[in-house]
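Observations on the three-dimensional arrangement
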Amino acid sequence: MANRVLLALLQQGADNWNEWWHTHLSESESKPDLSKASLSEVDLNRVILPGAILIEANLRGANLSRAHLSLADFTFAQLEHVDLRWANLQGARLHTAILQGANLSEAYLESAILTQTNLQAAQLKQANLTRVNGDRADFRWADLSGAKLQEATLTNADLRGTNLTGAKLIKADLRGADLSLSDLVGANLSEANLQGANLCGADLSRTNLNSANLTGTNLREAYLRETNFSAADLREANLTNAYWHNVNLTDAKLNSVERREIQVQGVALARGLSL
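This one's a predicted model, so the numbers in the text were calculated from it and none came from an experiment.

**Here's the deal with the overall build of the protein**
- Assigned secondary structure in the protein consists of three helices and two strands.
- The order of helices and strands in the protein, counted from the N terminus, is α-α-β-β-α.
- The burial tally for the protein puts 52% of its 275 residues in the buried class.
- Contacts in the protein between residues far apart in sequence, at least 24 positions, make up 6% of those at least 6 positions apart.
- Put simply, the protein shows about 11,900 Å² of open surface, and 42% of that area lies on carbon and sulfur atoms.

Structural data, given as structure tokens:
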């Protein structure tokens, strides 16, 4: 349960809280307990709350833009439509939190825990999600355009209809993820693991999938215009009715079934193609 004294101070606004925090909280005591706190619609722009315990807190519609929330614990917190633009959430724990419709544009979330987090229709444009753990997270219809997702774990994540244009997913783990109808135009997924992922109907125009693992991936009806599959592993992938145009398949691995499906589309198989 939230510390009532701390909660009352925080409800007075970020300026009062920050002044008190700098004066009274030493490094070893910088984990204020605000669990189950009711802070909906509160204006906490630029608030300093590193390591705060906000388990099951209600922060719906709050303004936390530019807030310092590194290592904070938001497990089961209600953060619908919260403003977290430019916020520092490095290493924050957002397991099972509800961030539906939240604005995290340009937020810093490196190494954050997003397991089973609800991020439906959230704004994450240009956000830094490097090395996040988003296993089974729900990103449906979220905007991740230009986001940094290098080495992110997104296994079994729901990314249906997600905007990932220009996103960097180098070495990301997307095994079993659902990316159907997602927009990956110009995204970089080099060395990403997409084994068993669903990319049905996805737009992969100019997407870089160099050395990616696409074994067993569903690419049915995917749009593949100027897509780079060089050195990618496409064995057992479902390429039924995929649209191919100027695709790079240099040194790609394909078995006889995928080879025939590609040839039906009239795609020239590059030298070095492995079967």
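**Some remarks on the environment of Ala112**
- Following the sequence through the fold, Ala112 ends up in the loop between α2 (14-24) and β1 (223-225).
- Along the chain, Ala112 and Gly134 lie 22 residues apart, while their C-alpha atoms are 8.5 Å from each other.
- Among residues more than four places away in sequence, those in contact with Ala112 are Leu89, Gly91, Ala92, Val132 and Asn133.

**What about the pattern of salt bridges?**
- One pass over the full model with this rule turns up ten salt bridges.
- Put simply, Arg160 and Asp158 hold a salt bridge, and the shortest N to O gap is 2.6 Å.
- Here Arg235 makes a salt bridge to Asp233, at a shortest N to O gap of 2.7 Å.
- With relative accessibility at 36%, the residue Arg235 sits in the partly exposed group.

**Re the nonpolar core**
- If you look at the biggest cluster of nonpolar residues, it comprises 90 residues, and the most contacted ones within it are Leu109 and Leu124.
- At the level of secondary structure, the elements contributing two or more residues to this core comprise α1 (4-10) and α2.
- Examining the composition of this core, we find that four residues originate from one element, α1, more than from any other.
- Residues within four places of Leu109 in sequence aside, it is in contact with Leu89, Gln90, Leu94, Leu104, Leu124, Ala127, Asn128, Leu129, Thr130 and Val132.

**Regarding empty space enclosed by the protein**
- A complete count under the given rule lists two cavities of 30 Å³ or more for this structure.
- When its volume is computed, the largest cavity comes out at roughly 40 Å³.
- The wall of the largest cavity is formed by Leu10, Leu34, Leu39, Leu49, Leu54, Leu59, Leu64, Leu69 and Phe74.
- For the lining of the largest cavity, a count of residues per class yields nine nonpolar, no polar and no charged.
- For the second largest cavity, the calculated volume is near 30 Å³.
- Lining the second largest cavity, in full, are Leu94, Leu99, Leu104, Leu109, Leu114, Leu119, Leu124 and Leu129.
- Grouping the constituent residues of the lining of the second largest cavity by class yields eight nonpolar, no polar and no charged.

**Describing α2**
- Here α2 has its buried residues at Ala14, Trp17, Asn18 and Trp21. Viewed along the axis of α2, the buried residues span an arc of 95°, placing them on a single side of the element. In α2, the exposed positions that point more than 90 degrees away from the buried face belong to Asp15, Glu19 and Thr23.
- Against α1 lie the buried residues of α2.

**Examining the packing of aromatic side chains**
- Under the definition given, this model contains three aromatic pairs.
- With centroids separated by 5.3 Å and ring planes inclined at 45°, the aromatic side chains of Trp17 and Trp20 adopt a geometry described as tilted. Residue Trp17 and its partner Trp20 are located together in helix α2, separated by three residues, close to a single helical turn.
- Just above the ring of Trp86 sits the side chain of Arg66; from NZ or CZ to the centre is 4.2 Å.

**Structural notes on the side chain of Ser230**
- Relative to the helices and strands, Ser230 is located in the loop between β1 and β2 (243-245).
- In terms of polar contacts, Ser230 uses its side chain to reach the side chain of Asn210, at 2.7 Å.
- Every residue in contact with Ser230, bar those within four places of it in the chain, is listed here: Leu209, Asn210, Ser211, Asn248 and Thr250.

Criteria and cut-off values
- Residues numbered from 1 in each chain as written.
- Predicted model: local features only at pLDDT ≥ 70, side-chain atom pairs only at ≥ 80, totals over all residues.
- Heavy atoms only, no water.
- Helix = DSSP H or I, 4+ residues; strand = E, 2+ residues; numbered from the N terminus.
- Buried < 20%, exposed > 50% of the residue type's maximum accessible area, 1.4 Å probe, protein only.
- Contact = heavy atoms within 4.5 Å.
- Areas by Shrake-Rupley, 256 points an atom, 1.4 Å probe, with all protein chains shown as cover.
- Salt bridge = Lys/Arg side-chain N within 4 Å of Asp/Glu carboxyl O.
- Core = buried A, V, L, I, M, F, W, Y, C linked by side-chain atoms within 4.5 Å.
- 1 Å grid on protein atoms, 1.4 Å probe; cavity = no way out; pocket = protein on both sides within 12 Å on 5 of 7 lines; lining within 4 Å.
- Points joined across faces, edges and corners; volume = space filled by probe spheres on them.
- Nonpolar A, V, L, I, M, F, W, Y, C, P; charged D, E, K, R; others polar.
- Arc of directions from axis to C-beta.
- Phe/Tyr/Trp six-rings, centres within 6.5 Å; stacked < 30°, edge-to-face > 60°.
- Lys NZ or Arg CZ within 6 Å of the ring centre and 35° of its normal.
- Polar contact = N/O pair within 3.5 Å; in protein donor to acceptor, adjacent residues only side chain to side chain.

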